[in-house]
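# Inside the fold
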Amino acid sequence: MTTYIKVYSYPRLTGVLALLVSFALPAAHAQGGPQPKLPTVPLTAGMHVIQAEVAQTPEQQATGMMFRREIGQNEGMLFFNREAGVRCFWMRNTLLPLSIAFIADDGTIVNTAEMQPQSDESHCSAKPVRFALEMRQGWFAKRGIGAGFKLRGVPFGN
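Residues numbered from 1 in each chain as written. Predicted model: local features only at pLDDT ≥ 70, side-chain atom pairs only at ≥ 80, totals over all residues. Heavy atoms only, no water.

### Quick look at the overall build of the protein
Each helix and strand counted, the protein has 3 helices and 8 strands in total. Mapped in sequence order, the helices and strands of the protein form the string α-β-β-α-β-β-β-β-β-β-α. Burial statistics for the protein: of 158 residues in total, 44% are counted as buried. Accessible surface, the protein as shown: approximately 7500 Å² in total, 56% of it carbon and sulfur. (Helix = DSSP H or I, 4+ residues; strand = E, 2+ residues; numbered from the N terminus. Buried < 20%, exposed > 50% of the residue type's maximum accessible area, 1.4 Å probe, protein only. Areas by Shrake-Rupley, 256 points an atom, 1.4 Å probe, with all protein chains shown as cover.)

Given below as structure tokens:
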């Protein structure tokens, strides 16, 4: 999977991304092992606060949560893309079952999918998007969060 960092014109977001880049951990990691924990940004889904790691470089985005053995209850990984497009994710080398939300620029969830560990099955956005958020499997469903629900946070300009 090839993904790219999203470039925004939002002044607040530009500052946040610059801050995240300045604290970014080295992209290099042992082949076959998980990447180090990435810088996070808080997102809100109603009353729920998500600490989302920000996958910024192409390598970070391609590796995602591969080889990780645990993820916190309200932790996830947010993927940015330069251009809107139909985004597809798979779970090769990912040991944890995950849920994914495909998200419009304003934070509105377009669709979600449940993904099984170590699977090459593609899970795609229902329409072009720039964002995707991976969480523990069932996280969105357990909270009644689905298509049409609006997430909040600096990446979405709110």
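### Quick word on the packing of aromatic side chains
Inspection of the entire model under this criterion finds 5 aromatic pairs. The interplanar angle of 80° and the centroid separation of 5.3 Å between the aromatic rings of W139 and F140 together place this pair among those described as edge-to-face. Accessibility assignment for this pair places W139 and F140 in one class, buried. One aromatic cluster is present, built from ring pairs that chain together F79, F89 and F102. (Phe/Tyr/Trp six-rings, centres within 6.5 Å; stacked < 30°, edge-to-face > 60°.)

### A few points about the state of the cysteines
Inspection of every chain in the model, using the stated rule, returns 1 disulfide. With its sulfur 2.0 Å from that of its partner, C88 forms a disulfide with C124. Measuring handedness by torsion sign, the sulfur bridge of C88 and C124 sits at about 110° and is right-handed. Here C124 lies in strand 7 (residues 123-124) and C88 lies in strand 4 (residues 88-89), a separation of 36 residues in the sequence. Taking the relative accessible area as the measure of exposure, C124 reaches 31% and is therefore partly exposed. (Disulfide = S-S within 2.5 Å.)

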